[in-house]
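Read off the chains here:
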Amino acid sequence: MARFIVRRLGFLVLTVFLSSMIIFWATAVLPGDLATMVLGRYATEQAKAELRHELGLDQPIAAQYGRWLQDFVKGDWGTSVSTDTAVRPVVFQRLRNSLMLASVAFAMYVPLGILLGLIAALRKNTWVDQTISVGSLAFIGLPEFVSGVILITIFAVELGWFPAQSAIAPDSSFVAAFPYLILPAVTVALTSLAYVVRMTRSSTVDVLQMDYVRTANLKGLSPARVLFTHVLRNSLLPTITVVAIGIGWLIGGLIVTEAVYAYPGIGRLLLFAIQRRDLQLIQATALLIVIIYVVANLIADIMYAVLNPRIRYQ
Amino acid sequence: MDAPAASAMSGPGGTATASRPVFEIEGLSIEYTTELGMLPAVRNVSLRVHEHESFGLVGESGSGKSTLAMGAIRYLAANGRVTAGSVRLNGVELLDLSPRQLRALWGSRIGVVYQSPLSALNPSIVIGKQLAEVARQHLGMEHAAALARAEGMLTKVAMPDPGAVMRRYPHQLSGGMLQRCVIAMALMTDPSLLIMDEPTTALDVTTQAVVLDLVAELKREFDSAILYITHDLGVITKICDRVGVMYAGEFMEQAALRELFHQPLHPYTLDLLGCVPHFDPTPQKRSLVTIPGAIPRVDELPLGCIFAPRCRYVEKECHADRPPLVDVTDGHLSACRRWRDVPPPAVHLREATEAVRMAEEGAAAADVLVRAQGTEVHFKGPRGFFRGRTARVIRAVDGVDLDVCVGQTLGVVGESGSGKTTVARAIIGLTPATGGAITLRGRRLPPSTGRRPRATLKEIQMVFQNPDASLNPTRSVGEAISRPLVLLNGLSRQGARARAKELLQAVSLPVSYFDRLPHELSGGEKQRVAIARAFAAEPELILCDEPISSLDVSVQGSLMNLLMKLQVEKSTSYVFISHDLSAVQHLSDAIAVVYLGRVMELGTAVRVLTPPFHPYTEALLSAVPLADPDVVQQPIRLGGSVPSAMDVPPGCRFHPRCPRCLGDVCREQEPPWREGEGDHRLCCHIPLDELARLQAETIVLDAGEGA
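Remember, predicted model here, so these are calculated numbers, not experimental data.

So, how was this worked out
Residues numbered from 1 in each chain as written. Chains lettered and ligands numbered in written order. Predicted model: local features only at pLDDT ≥ 70, side-chain atom pairs only at ≥ 80, totals over all residues. Helix = DSSP H or I, 4+ residues; strand = E, 2+ residues; numbered from the N terminus. Rg over C-alpha atoms; globule rule 2.2 N^0.38 Å. Buried ≥ 20, exposed ≤ 12 C-beta atoms within 10 Å, placed from the backbone. Contact = placed C-beta atoms within 7 Å. Nonpolar A, V, L, I, M, F, W, Y, C, P; charged D, E, K, R; others polar. Pairing = 2+ DSSP bridges. Axes fitted to C-alpha atoms, helices over the stretch in contact; angles between N-to-C directions. pLDDT = per-residue confidence, 0-100. Domains from an automatic or database assignment. Left-handed = near helix turned anticlockwise from the far one by under 90°. Expected span 1.5 Å × (residues − 1). Core = buried A, V, L, I, M, F, W, Y, C linked by C-beta atoms within 7 Å.

### Let's talk about the overall build of chain B
Then step 1. A count of helices and strands for chain B gives 24 helices and 28 strands.
Then step 2. Compactness check: chain B gives a C-alpha radius of gyration of 27 Å against a globular reference of 27 Å for 707 residues, within 12% of the reference.
Then step 3. Overall, chain B is about 75 × 65 × 55 Å in size when its C-alpha atoms are taken along their principal axes.
Then step 4. Of all 707 residues assigned to chain B, the portion counted as buried reaches 51%.

Below is the structure:
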């Protein structure tokens, strides 16, 4: 097991390293000159050249990359050009906000999705199953900016139950932010629900047809016991993987939802940074999102291995 | 000419048996609701199983034997239901029980052992817990007591190191050990009825023999009545007291074991017995009995006798109405109205089969077509990405010498993991040999197909075990056969079409199959297509890798006939790979016995199958379940399974499992090749005459005193 984790960690470092190269290269070739952006369009060529030298922009891209990576690892993530503040505290604050949103959404769709998926599998090919499958699929096709607007119209504008905007102060506490988290979390949950439902349903349907479920039934166990001791243990394995991989997306991929609700999360920060051509901010945010993704995948792999004895000992 | 008097309808079981019936099925009918309408899968079936007795339910796939057993204990798919009849276990009517009452019987009074033990056990729960669960459910035991009982039961089924096995997951155990676990699980509550559904079909021959021994022993020790389901007539003889032969959802015949084999009273039984090759180590062979046509679908049953359309002894009256299963002689039941006219098996065999020309003994004059010398296939073993350790070597084939002669069949036998398939793949070049030489008519062949010229590729073709996997599901039968014709024989598309149709006829398939897709064919028909494709290029050698293993006995018989017929017509050479020694001895002129990547014994079929044997050959032979209750086989059993090809034991590689191991010599030194009569050679430390003396009684063909 330890060897398995060490191996996976090795792959993780490799992935992050390659991604960092891509991110750095992509931002370096972005149109627009940093010196011009900082000093304004009418600055003298000499002033710009001096600034470029000072920032190391006149060096070859490989050297620039090396210095940037070194600084990043040391924790010096640079200064944002657009806000003129240190990048790291901003990014971490927004990351915390995204985590808050993600955990509320997670707590909504994971238990519900597993429950609905199980019900659909146990009532396979009945109207219950079809209602659940079609219902959850309908939301997958609905983009967040549509479902978000619909939710806002109904629950904020018409009913007035929740605030329409979630533009909280970035340093709000979880308790203070909670009312603002509900609508965006529902929006996210609706799109993710279908994946969990479908995965749970299909793997449970598969497991119910397995010979060992027949064995369990013919041991004379009650249907509930068969379900809990023999079916769930195996059928939830793929679901857990999907859910764990989903964590990465949940934290780093909420750009649209955060924009719709004006929620100060990391996705919205990335959007802001791109709009402002704020290279330091783009690089740090993008790389952090990559790290979150690969860590989520690592967690998924480890959980799968822990829960599946067939993997564990290989 | 009339059916026996109605009074003979006393039902199965006979009257002479003193013990009481434990399990009684009477007039049971089971239907499935499908898109095609109601399918009457089992119709008006009756049987009785007594205490300590085991009843063998034999039939080909689709005969309804599993449906009967599962339906009788009321475990049916949602679309199946019992429409008529009565099922009693110890006098309790099962069909009247509520689901809760049924669950109290399942696992406590009724134990079930399944075909594939690996899939029958939950992959993510340790063995001990899965066994203990039964005791906790039905015996009201605490966890610790239940675990203790589970371990005790594992000891009873002769499990090595039961304490450690309790903590293992299913994937960590071998097939034979897993089946012991399932059997132990079924016996946890000392059930009245034990249903065994093909419990050894998924196992190796050697493991099968060990498990069959165990079942026979448990039968004496436990009081359970056993309902034993199998398609294998050989296995039946090892376990069963009474046998019922099922066909398309009905019993054709029920009789005591020996009576059924000595004097079957139904033509279907007679045909089934004739489909199985008889163990007969002489070069003179006869074809096998074939049953024309196929099992009818249960929704398209003929009006009269359901076997009449395929029956050799059919009369006009047979088509008129369906004959009932009646007790014709004391306890012997037959559903044939002409049961008096059914000939003895020996007469039937003479009439229904013909002699096949085989190579004469000592036909060493035959030219060598393909010769493998010191052939090695070594793979790199698993190795880590971040660990620099050198990979271990998997010695799948580790120095194999063998000759295939022109127009002859070389049979290759061995357990799974012996490397027999890899040898074949090395000869054809699909898995390139990493050492040694393979020559075709004296010319050395490059190791991989990619570097062999077309003319060479044309000469060697292969038939694989699973036709579903080897035929492209989107290509029609005609395209599959035409492909090598165009590619290797350079025929035009027109020419290929015509030739493909000839080939279809040669493998006894209708020409109309040309445009069919594989999924429209039965398993046997698909394998005929694969054989036709192999013959298309007019090769000199065809490698048959377990080509009949996944098929029903009657289909196996007809395919073996086909292979023999085509060989005589085209004088093609075969390498016939199988774990089934009966099939190998039937088809082969020469036999190579392979163990862990090396040939242990080699020679003409007669020499290999008569003493002196290599101890491994001897063990394989004594493990084959022969379809003859009068044969006495020495119980020589191999423990464990073939070791990993990464850890080849030193000395003689067979020594850790060898029942005749001499000690240090075998452990430390490579055994010498010992030359016997003719081409016979075997690789053992024990001298040939000593082996012959030890093995004189491995198989005794007893003339038998009859029933």
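### As for the interface of chain A and chain B
Reports of interface size often rely on the accessible area that becomes lost once the parts have come together.
Then step 1. At the junction of the two partners, chain A supplies 18 residues and chain B supplies 25 residues.
Then step 2. Counting only elements with at least two residues in the side of chain A that touches chain B, the list comes to α1 (2–28), α9 (211–217), α10 (223–252) and α14 (309–312) of chain A.
Then step 3. A total of four residues in the side of chain A that touches chain B trace back to one element, the largest contributor, which is α9(A).
Then step 4. Here the side of chain A that touches chain B is built from residues that sort into five nonpolar, eight polar and five charged.

### Brief notes about the sheet that holds strand β8 (residues 225–230) of chain B
All names here are of chain B.
Then step 1. Spatial strand order, β6-β7-β8-β3-β9-β10-β13-β12: eight strands in an open sheet with mixed pairing. Both edges of this open sheet fall to β6 (110–113) and β12 (326–329), since each of them pairs with a single strand only. Neighbouring strand axes in the sheet, compared pairwise and without regard to direction, differ in orientation by 25° on average.
Then step 2. Here four bridges tie strand β3 (residues 54–58) to strand β9 (residues 242–247), and the two strands are oriented parallel to one another.

### Remarks on the confidence of the model for chain A
Low-confidence regions, as indicated by low pLDDT, have predicted coordinates that should not be scrutinised in detail.
Then step 1. Considering every residue of chain A, the mean pLDDT works out to 82; 96% of them sit at 70 or more.
Then step 2. Within chain A, the lowest mean pLDDT, 64, falls on α14(A), and the highest, 93, falls on α9(A).

### Looking at the domain arrangement of chain B
Residue and element names in this part refer to chain B.
Then step 1. Here chain B is described as being made up of domain 1 (269–356) and domain 2 (368–694).
Then step 2. Just the C-alpha atoms count here: the centres of domain 1 and domain 2 sit 32 Å apart.
Then step 3. Broken down by element, the side of domain 1 that touches domain 2 gets its largest block of residues, three residues, from helix α11 (residues 267–275).
Then step 4. Classifying every residue of the side of domain 1 that touches domain 2 gives 13 nonpolar, three polar and one charged.

### Thoughts on the packing of helix α12 (residues 266–275) of chain A against helix α13 (residues 279–307) of chain A
All names here are of chain A.
Then step 1. Axis separation between α12 and α13 bottoms out at 9 Å; the angle between their running directions is 145°. Pair α12 / α13 crosses with left-handed handedness. Residues I266, L269, L270, A273 and I274 of α12 form the contact with α13, whose participating residues are L281, I282, T285, A286 and I289.
Then step 2. When grouped by side-chain class, the residues that make up the contact of α12 with α13 number nine nonpolar, one polar and no charged.

### Re helix α8 (residues 205–221) of chain B
Then step 1. End to end, α8(B) covers 24 Å across 17 residues, agreeing with the expected 24 Å (1.5 Å per residue, within 8%).
Then step 2. In this fold, the buried residues of α8(B) make contact with β3, α7 (175–187), β8, α9 (233–239) and α22 (615–623) of chain B.

### Some points on the sheet that holds strand β22 (residues 573–578) of chain B
Residues and elements named next belong to chain B.
Then step 1. Spatially, the eight strands line up as an open sheet ordered β20-β21-β22-β17-β23-β24-β27-β26, and their pairing is mixed. The open sheet is flanked by β20 (460–463) and β26 (673–675), the only strands paired with a single partner. Across the sheet, the mean angle separating the axes of adjacent strands is 20° when strand polarity is ignored.
Then step 2. With respect to the sheet, helix α13 (residues 420–428) is in contact with β17 (409–413), β20, β21 (541–545), β22 and β23 (590–595), its orientation differing from that of β21 by roughly 155°.

### A word on the domain arrangement of chain A
Residue and element names in this part refer to chain A.
Then step 1. Its domain assignment divides chain A into domain 1 (2–74) and domain 2 (87–312).
Then step 2. Each of domain 1 and domain 2 was reduced to a C-alpha centroid, and the two centroids are 33 Å apart.
Then step 3. Counting residues at the interface gives 16 residues for domain 1, matched by 13 residues for domain 2.
Then step 4. Counting residues per element, the ones that place at least two in the side of domain 1 that touches domain 2 are α1 and α2 (34–39).
Then step 5. Counting residues per element, the side of domain 1 that touches domain 2 draws most heavily on α1, at 11 residues.
Then step 6. Each residue belonging to the side of domain 1 that touches domain 2 can be placed in one class, and the counts come to 10 nonpolar, five polar and one charged.

### Description of unusual backbone geometry
Residue and element names in this part refer to chain B.
Then step 1. Note the cis peptide between P611 and P612, where omega equals 0°.
Then step 2. The phi torsion at N44 lies on the positive side, around 50°, for a residue other than glycine.
Then step 3. Examined against the element boundaries, N44 turns out to sit in strand β2 (residues 37–50).
Then step 4. Look at E538: it is not a glycine, yet its phi comes out positive at around 50°.

### Focus: the confidence of the model for chain B
All names here are of chain B.
Then step 1. In this model, chain B carries a mean pLDDT of 87, and residues with pLDDT of at least 70 account for 93%.
Then step 2. Segment residues 1–17: pLDDT under 50, and 25 contacts once partners within four positions in sequence are set aside and those in other chains are kept.
Then step 3. Here the prediction assigns the complex a pTM of 0.83, and the interface score ipTM is 0.82.

### A few points about the nonpolar core
One broad trend across soluble globular proteins is that nonpolar side chains are buried collectively.
Then step 1. Grouped together as the largest cluster of nonpolar side chains are 216 residues, with contacts concentrated most on L227(B) and V575(B).
Then step 2. For this core, the element with the most residues is α7(B), which contributes nine residues.
Then step 3. By size, the runner-up hydrophobic cluster in this structure holds 61 residues, among which are A185(A), L193(A), L270(A) and A296(A).

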